[in-house]
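# Inside the fold
Residues per chain, in single letters:
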Amino acid sequence: MTTLGALQVALAGEHAAVYVYGVLGAQTSASATPQLFAAVSDAYATHRDRRDHLTDLVLQEGGTPVASDPAYEIPRGLGSASAVTRAALGLERRSAATYAWLVANTVRDVRRWAIRALTDTAVRELGFRGSPEIFPGARESADRG
Amino acid sequence: MSPAPVLRTSRRTTLGGALAGVALLAGCDLGSDDPGSAPTPAADPDDPDTGLVEEVVDDLVATLAIVEAVRHRHGSLRRQLGELAKVHRAHLEALGSKERPGRPGPRTADADEALALVRRREQRHQRLLTDRAVQAQSGRLARLLASMSAAVAQQLAVLPLDKGDR
């Protein structure tokens, strides 16, 4: 895959993450669950920034950034803080897999940026009750027991 | 956490095997268009990343030796640093190597000081993993090293605070 193609795949992933985090934010209360609200808000801002950066990178590569879909599938049963936390953890794990894959399919500065995104995502998982992993983003190969 | 698949090879004889392991573990090939695509095993005995892998293994061995030395000297840190040691051993296996004697560990009697030393060593190791991931010719190896770097970052995030962080 070309660098441009890889960036487009990552951008599509971030479109989905921004959309879903928007929904998760709407399900979270700043007064009832302030920590979760802050974590979801911070994750939303981070994914939005990454989406914008990926858009710039696609343009720099001479491509037309892939557009977001009108809507994305939302996890069911988001009526509790624990459900929102689980959904956020799932999002971050998928994001980690995407960025690990982007690392493999890019070079130099873009690869370094992808590593930073992978690392940030892996640490963010812990804030959504994730456990440390042996190979974040590469679980399908390394963490099966 | 589950252990990584074991590659039964010794360090100096296995760079081809190690890189085959990388292929199996990383599960991603340049040319793949699916982030969740299946592994594509491939090993090249003349791989240009051979020296890079050796450097990472050496640093990993030295880092693990420090962690183990602190664990054995400071009972209060034994459990918390146990997970860190487990991660390093799994990373060594993924690179086709095994734990071997490193330099003698630190002899500090102060647990906080020892913990701060471990933290600094892990931060240094994480930087090396990131830099070598950027430099790797193999996308698969880059992915593995980046994942290892992220794993160390997670471990640093859950390490107990030492006095300097409080």
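In short, a report on the structure. (Residues numbered from 1 in each chain as written. Chains lettered and ligands numbered in written order. Predicted model: local features only at pLDDT ≥ 70, side-chain atom pairs only at ≥ 80, totals over all residues. Heavy atoms only, no water.)

## Re the overall build of chain B
Tallying secondary structure elements over chain B gives five helices and zero strands in all. Looking at chain B residue by residue over its 166 residues, the buried ones come to 55%. In chain B, the share of contacts with a sequence separation of at least 24, taken over all contacts with a separation of at least 6, comes to 78%. Element-wise, carbon and sulfur atoms account for 50% of the exposed surface of chain B, whose accessible area totals about 7400 Å². (Helix = DSSP H or I, 4+ residues; strand = E, 2+ residues; numbered from the N terminus. Buried < 20%, exposed > 50% of the residue type's maximum accessible area, 1.4 Å probe, protein only. Contact = heavy atoms within 4.5 Å. Areas by Shrake-Rupley, 256 points an atom, 1.4 Å probe, with all protein chains shown as cover.)

## So, helix α5 (residues 139-158) of chain B
Residue and element names in this part refer to chain B. For α5, built from 20 residues, the straight-helix expectation of 28 Å at 1.5 Å per residue is met to within 8% by its first-to-last C-alpha distance of 29 Å. Most of α5 is tucked away: 18 of the 20 residues are buried. N-capping of α5 is provided by S138, with a side-chain oxygen placed 3.2 Å from the backbone N of R140. (Expected span 1.5 Å × (residues − 1). Polar contact = N/O pair within 3.5 Å; in protein donor to acceptor, adjacent residues only side chain to side chain.)

## Brief notes about the packing of helix α3 (residues 81-104) of chain A against helix α4 (residues 108-127) of chain A
Two packed helices can be described by the angle between their axes and the distance between those axes. Residue and element names in this part refer to chain A. In contact at an axis separation of 8 Å, α3 and α4 are set at 160° when each is read in the N-to-C sense. Looking at the two axes, α3 sits roughly antiparallel to α4. Between α3 and α4 lies a crossing whose hand is left-handed. Of the residues in α4, those touching α3 at L89, E92, R93, S95, A96, Y99, A100, L102, V103 and A104 are R111, W113, A114, I115, A117, L118, T121, R124 and E125. Its residues assigned to classes, the contact of α3 with α4 shows twelve nonpolar, two polar and five charged. (Axes fitted to C-alpha atoms, helices over the stretch in contact; angles between N-to-C directions. Parallel < 35°, antiparallel > 145°, perpendicular 65-115°, else oblique. Left-handed = near helix turned anticlockwise from the far one by under 90°. Nonpolar A, V, L, I, M, F, W, Y, C, P; charged D, E, K, R; others polar.)

## Focus on the pattern of salt bridges
Summed over all chains, the structure comprises twelve salt bridges over all chains. Residue A:R51 pairs with A:D52 through a salt bridge whose shortest N-O separation is 3.1 Å. Across the pair B:E55 and B:R132 runs a salt bridge, and its minimum N-O distance is 2.7 Å. With B:E55 in helix α2 (residues 50-73) and B:R132 in helix α4 (residues 111-135), this residue pair connects regions lying 77 residues apart in the sequence. (Salt bridge = Lys/Arg side-chain N within 4 Å of Asp/Glu carboxyl O.)

## Notes on the nonpolar core
One finds A:L54, A:L102, B:L81, B:L95, B:L145 and B:M148 to be the most contacted residues of the largest nonpolar core, which totals 60 residues. For this core, the elements supplying multiple residues, two or more each, are α1 (3-26), α2 (34-60), α3 and α4 of chain A together with α2, α3 (78-94), α4 and α5 of chain B. A:L24, A:V40, A:V84 and A:A87 belong to the second-largest nonpolar core, a separate cluster that totals 14 residues. (Core = buried A, V, L, I, M, F, W, Y, C linked by side-chain atoms within 4.5 Å.)

## Description of the side chain of B:H88
All names here are of chain B. Summarising the element assignment, H88 is placed in helix α3. Residue H88 is classed as buried on the basis of its relative accessible area, which comes to 0%. Not counting residues within four places of it along the chain, the set of residues in contact with H88 comprises L60, T63, L64, V67, E122, H125 and V152.

## Some details on the environment of A:G5
Residue and element names in this part refer to chain A. By secondary structure assignment, the location of G5 is in helix α1. For G5, a relative accessible area of 19% corresponds to the buried category. Between the C-alpha atom of G5 and that of T106, which follows or precedes it by 101 residues, the distance is 10.0 Å.

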